[in-house]
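An overview of the molecular structure
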Amino acid sequence: MPLTDFPGRQRLIDAIDAAVQAGDDQAVVQTLRKSLCELMRSGDVVLPQAVFHAMDGHYARRRLHGSREHGYDVIAMTWGPGQGTPIHDHSGMWCVEGVWHGQLDITQYDVSERDGDDRARFIPVGSMIAGTGSAGSLIPPHEYHTIRNASDTDTAVSVHIYQRRMTRCGVFSEDQAGSGWHRREEKLLQVDQPV
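Here's what I pulled together on the structure shown here. (Residues numbered from 1 in each chain as written. Predicted model: local features only at pLDDT ≥ 70, side-chain atom pairs only at ≥ 80, totals over all residues. Heavy atoms only, no water.)

**Comments concerning the state of the cysteines**
For the coordinates displayed, the defined rule picks out zero disulfides. There is no disulfide at Cys37, and the cysteine sulfur nearest it, in Cys95, is 13 Å away. Here Cys95 is not cross-linked by a disulfide; its sulfur's nearest cysteine counterpart is in Cys169, at 11 Å. Judged by relative accessible area, Cys95 falls into the buried class, the value being 0%. (Disulfide = S-S within 2.5 Å. Buried < 20%, exposed > 50% of the residue type's maximum accessible area, 1.4 Å probe, protein only.)

What follows is the structure, given as structure tokens:
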């Protein structure tokens, strides 16, 4: 089954289309979180089997849909055991993330100090283990976070709805060990092909 053809696909698209017309960013992500949770729990949307296959060396990003009319993008991410991200941002766009399968360890951060545009110190402001059927959201400037598969043995799958096509993001790596400063680098994002 191709990634663009799966049971319940049109229902997912219709729900997102309705949500992105809900008003301001806060209303949009609130509506999307609720709709995504309902769709995940109903079982009416069955993701393609390909999104349940992890990739060696990195989490997989597989595109499920992109809206020409509204500009949003839907990406399924597959997290192999222990796979995760460094602290990163979404380059100024909102996102709603739903855990379709497994559990994800998510930590949100705020910037505590800046040194120019490319260096920052972060403080964790919340951490949680998000389980199957749950959804969260990020709205800039509160977009800094990490995601990691909470399991060392099982694969996790999440669905991410981005305000527009996300082709890059800012990734923060520690500038000098122990300094607390992180340097932002632009990372180009690719979409992985089904295996």
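**Some points on unusual backbone geometry**
Residue Pro141 is bonded to the preceding Pro140 through a cis peptide linkage, with omega at 10°. Mapped onto the fold, Pro141 is located in the loop between β7 (135–138) and β8 (144–149). Of note, Ser91 is a non-glycine position whose phi angle comes to about 50°, a positive value. Among the secondary structure elements, Ser91 is positioned in the loop between β3 (87–88) and β4 (95–101). Given the relative accessible area of 28%, Ser91 is considered partly exposed. (Helix = DSSP H or I, 4+ residues; strand = E, 2+ residues; numbered from the N terminus.)

**Observations concerning the packing of helix α1 (residues 9–19) against helix α2 (residues 25–42)**
It is the contact of α1 with α2, at a shortest axis distance of 9 Å, that shows an interaxial angle of 160°. Classified by the angle their axes make, α1 and α2 are roughly antiparallel. Between α1 and α2 the crossing geometry is right-handed. For the pair α1 and α2, the contacting residues are Arg11, Leu12, Ala15, Ile16 and Ala19 in the first and Val28, Thr31, Leu32, Ser35, Leu36, Leu39 and Ser42 in the second. For the contact of α1 with α2, a count of residues per class yields eight nonpolar, three polar and one charged. (Axes fitted to C-alpha atoms, helices over the stretch in contact; angles between N-to-C directions. Parallel < 35°, antiparallel > 145°, perpendicular 65-115°, else oblique. Left-handed = near helix turned anticlockwise from the far one by under 90°. Contact = heavy atoms within 4.5 Å. Nonpolar A, V, L, I, M, F, W, Y, C, P; charged D, E, K, R; others polar.)

**Notes on the pairing of strand β1 (residues 60–66)**
Within β1, five of the seven residues are buried, leaving the element largely enclosed by the surrounding structure. When β1 meets strand β2 (residues 73–79), the two strands line up antiparallel, connected through six bridges. Among the inter-strand pairings, Arg62 is bridged to a residue of β2, identified as Ala76. Hairpin connection from β1 to β2: six residues lie between these consecutive antiparallel strands, with Gly71 at a positive phi of about 85°. (Pairing = 2+ DSSP bridges.)

**As for α2**
In an α-helix there are 3.6 residues to a turn, and that puts residues three or four apart on one side. In this model α2 runs 26 Å from its N-terminal to its C-terminal C-alpha over 18 residues, within 8% of the 26 Å that 1.5 Å per residue would give. Among the structural elements, α1, β4, β7 and β9 (156–162) are those in contact with the buried residues of α2. In the segment just after α2, Gly43 is the residue with positive phi, at about 80°. (Expected span 1.5 Å × (residues − 1).)

**Quick notes on the pattern of salt bridges**
For the structure shown, the criterion picks out 13 salt bridges. Between Asp105 and Arg148 there is a salt bridge, with the nearest N and O atoms lying 3.4 Å from each other. With Asp105 in strand β5 (residues 103–114) and Arg148 in strand β8, this residue pair connects regions lying 43 residues apart in the sequence. Taking relative accessible area as the criterion, Asp105 reaches 19% and is therefore assigned buried. Across the salt bridge formed by Glu186 and Arg168, the nearest N and O atoms sit 3.5 Å from each other. Highlighted residues: Glu186 in strand β11 (residues 182–188) and Arg168 in strand β10 (residues 168–174), separated in sequence by 18 residues. Look at Glu186 and you get partly exposed, because its relative accessible area is 46%. With a relative accessible area of 38%, Arg168 lands in the partly exposed category. (Salt bridge = Lys/Arg side-chain N within 4 Å of Asp/Glu carboxyl O.)

**Re the packing of aromatic side chains**
The final tally for this structure, using the stated rule, is five aromatic pairs. Ring centres of Tyr59 and Trp79 lie 4.5 Å apart, and the angle between their planes is 20°; this geometry places the pair in the stacked category. Of the two residues, Tyr59 is situated in the loop between α2 and β1 and Trp79 in strand β2; the sequence distance between them amounts to 20 residues. Like Tyr59, the residue Trp79 is buried in the burial classification. (Phe/Tyr/Trp six-rings, centres within 6.5 Å; stacked < 30°, edge-to-face > 60°.)

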